[in-house]
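Summary of the model geometry
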Amino acid sequence: MKYDQIPNSLFIKNRKKFMDRMLPKSIAVFNSNDIYPIGADSVLPFEQHRDIFYLSGADQEETILVLFPDAINKKHREVLFVRETNEHIAIWEGEKLTKEKATEVSGIETVCWLQDFDKIFFDLMTEAETIYFNTNEHYRQAVETQTREDRFIEKCKREYPAHKAAKSNPILQEIRGIKEPEEIDIMQTACNITEKGFRRLLGFVKPGVMEYEIEAELLHEFIRNRSKGFAYQPIIASGNNANVLHYLENNKPCNDGDLILMDVAAEYANYSSDLTRTIPVNGKFTKRQKEVYNAVLRVKDDATKMLVPGTLWAEYHKECGKLMTSELLGLGLLDKADVQNENPEWPAYKKYFMHGTSHHIGLNTHDYGALKTPMKANMVFTVEPGIYIPAENMGIRLEDDVVIQEKGEPFNLMANIPIKAEEIEDLMNK
């Protein structure tokens, strides 16, 4: 791995939080992701399932974590199964986790070879009454591919039909949403890497540059700072491309007088950062561009102040809509009649700002975290309002990642990344 090893104390804490919430005589199993084929002998780069990583730190394929707090034999209360390595694998694929290294990474004393899983698991299931299945219940999930977890669940239901089933996801939603100090430090590192990439761009962008050239500059800076690369597919959208919310082609020239919306950020140690900045191709905002830009910035700043313990996510987004409505009226994009006659299910401001303002961020860019209960300290959210005006060849979005504090305003992990229009202009014209 490119990243520095994470202290296993984090994973020990995470497992304790999960096991403290398990039912008596229950067992929980977490599987690594598959390696997905492209065709012929090609595969996609391996990405570890974030749940098993969160609970063990094991960043390797074909790994299984078993948690059984009430196991009669104490050594079976936490068991990590890893693929047995050998000289042939070491030559062709490189170093894999040994039992000793797996213990060092995870803090789990009992490490077994994967080939012994079925035998040991059968023995443990004779003691257990309930099994926790790790289903994907994220509110944005739309997965069609059968996963390793899916196959394991099907197999368990066939082979252990008398056991009760429970869901890991509600526990994970609760505990993963509130970050430990070590996690916030890792996310700060990801944000710092993102900052380096953005500052590099400010001296690189000029009329005629291609969107993909900007993407390449970012990737170079991210990787040279020990990131795997982008935390999500990068959006480098110049001109009217910015009005396509998930524009991914990144293949057009950046023209003099246009703006570039860049929703692009680095990962570090499997944790995401999530940044959006919008800059002028020629280094100077027009009067109108700056008016809209500053309206978006005011909404972002005011929305950020509302992210405090006790805030309800749904109510927060309603208040953000009111902030945006006020700004759109000031910009002449809406009038009072538009607001008075609006459909409550699709308010007038949605014509120019059609997405949400915030989401949890962490091991996933759209991370796990409670959304129907009051916000808590150490939750980490994005704040990303935008105004999209196809008729004016302009789309502007601004986004930072912030940590909710016990008291006061959130801590901005991206506070050092330039955002004021004047600062961006100064840096672009040095």
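How each quantity is defined
Residues numbered from 1 in each chain as written. Predicted model: local features only at pLDDT ≥ 70, side-chain atom pairs only at ≥ 80, totals over all residues. Heavy atoms only, no water. Axes fitted to C-alpha atoms, helices over the stretch in contact; angles between N-to-C directions. Helix = DSSP H or I, 4+ residues; strand = E, 2+ residues; numbered from the N terminus. Parallel < 35°, antiparallel > 145°, perpendicular 65-115°, else oblique. Left-handed = near helix turned anticlockwise from the far one by under 90°. Contact = heavy atoms within 4.5 Å. Nonpolar A, V, L, I, M, F, W, Y, C, P; charged D, E, K, R; others polar. Core = buried A, V, L, I, M, F, W, Y, C linked by side-chain atoms within 4.5 Å. Buried < 20%, exposed > 50% of the residue type's maximum accessible area, 1.4 Å probe, protein only. Domains from an automatic or database assignment. Pairing = 2+ DSSP bridges. Expected span 1.5 Å × (residues − 1). Salt bridge = Lys/Arg side-chain N within 4 Å of Asp/Glu carboxyl O. Phe/Tyr/Trp six-rings, centres within 6.5 Å; stacked < 30°, edge-to-face > 60°. Buried area = accessible area lost by both parts, 1.4 Å probe.

Some words on the packing of helix α10 (residues 287-305) against helix α11 (residues 313-330)
- Two elements in contact, α10 and α11, have axes whose closest approach is 10 Å; the angle formed by their N-to-C orientations is 150 degrees. It follows from the interaxial angle that α10 and α11 lie roughly antiparallel. At the point where α10 passes α11, the crossing takes the right-handed sense. Here A295, R298, V299, D302 and A303 of α10 lie close against α11, whose contacting residues are Y316, C320, L323, M324 and E327.
- Class assignment for the residues of the contact of α10 with α11 results in seven nonpolar, no polar and three charged.

A short note on the nonpolar core
- Within the largest apolar cluster, 92 residues are counted, with the highest numbers of intra-cluster contacts made by F18, F30, I214, I260, M262, I279 and I387.
- By residue number, the principal contributor to this core is helix α8 (residues 181-202), which donates nine residues.
- Each of domain 1 (8-176) and domain 2 (181-429) contributes no fewer than three residues to this core.
- Those residues in contact with I387 that sit more than four places away from it in its chain are V292, A295, V296, M324, L328, L331, L333, Y352, M394, G395 and I396.
- The next biggest cluster of nonpolar side chains, apart from the first, holds 22 residues, and it includes V29, L124, I153 and Y160.

Looking at the sheet that holds strand β14 (residues 380-383)
- One open sheet accounts for three strands, arranged β14-β17-β18; its pairing is antiparallel. Bordering the open sheet on either side are β14 and β18 (411-412), each of which pairs with just one other strand.

Regarding α10
- Look at α10: 27 Å from first C-alpha to last across 19 residues, which is about the 27 Å you get at 1.5 Å a residue.
- When α10 is considered as a whole, its buried residues turn out to be Q289, K290, V292, Y293, A295, V296, L297, V299, K300, A303 and T304.

Here we look at the pattern of salt bridges
- Scanning the model with the defined rule gives 40 salt bridges in all.
- Of the charged contacts in the structure, one is a salt bridge between E180 and K17, with a shortest N-O distance of 2.9 Å. Taken together, the residues E180 in the loop between α7 (169-177) and α8 and K17 in helix α1 (residues 9-19) connect sequence positions 163 residues apart.
- A relative accessible area of 15% places E180 in the buried class.

What about unusual backbone geometry?
- In this structure, R226 takes a positive phi of about 75 degrees despite not being glycine.
- Positive phi is not limited to glycine here, since N270 has a value of about 75 degrees.

So, the packing of aromatic side chains
- A full pass over the atoms with the stated rule returns 14 aromatic pairs.
- Geometrically, the ring pair formed by Y139 and W313 is edge-to-face, given 6.0 Å between the ring centres and 70 degrees between the ring planes. In this pair, Y139 sits in the loop between β7 (130-133) and α6 (148-159) while W313 sits in helix α11, placing the two residues 174 residues apart along the sequence.
- The class of Y139 is partly exposed, set by a relative accessible area of 42%.
- A relative accessible area of 21% means that W313 is categorised as partly exposed.

Here's the deal with the sheet that holds strand β9 (residues 235-238)
- Read across the open sheet, the three strands follow the order β9-β10-β13; overall the sheet is antiparallel. Only two strands of the sheet have a single neighbouring strand rather than two, namely β9 and β13 (276-280). Each strand of the sheet is rotated relative to its neighbour by a mean of 15 degrees, with strand direction disregarded.
- Pairing of strand β10 (residues 259-263) with β13, which is carried by five bridges, proceeds in the antiparallel orientation. Note on β13: the bridge partner recorded for D263 is T276.
- Against the sheet, helix α9 (residues 211-223) engages β9 and β10, with an angle of about 145 degrees to β9.

With respect to the domain arrangement of the protein
- Partitioning the protein into structural domains gives domain 1 (8-176) and domain 2 (181-429).
- One C-alpha centre belongs to domain 1, the other to domain 2; they are set 35 Å apart.
- Counting residues at the interface gives 17 residues for domain 1 and 17 residues for domain 2.
- Between domain 1 and domain 2, a total of about 1,600 Å² is buried, with carbon and sulfur atoms accounting for 49% of that surface.

Re the packing of α8 against α9
- Interaxial distance between α8 and α9 falls to 9 Å at its minimum, and their mutual angle equals 140 degrees. As judged from the angle between their axes, α8 and α9 are oblique. The chirality of how α8 crosses α9 is right-handed. Of the residues in α9, those in contact with I193, T194, K196, G197, F198, R200 and L201 of α8 are I214, E217, L218, H220, E221 and F222.
- Of the residues assigned to the contact of α8 with α9, the class counts are six nonpolar, three polar and four charged.

Section: the environment of T85
- Mapped onto the fold, T85 is located in the loop between β5 (78-82) and α3 (87-93).
- A sequence separation of 38 residues divides T85 from D123, and the C-alpha atoms of the two residues are 25 Å apart.

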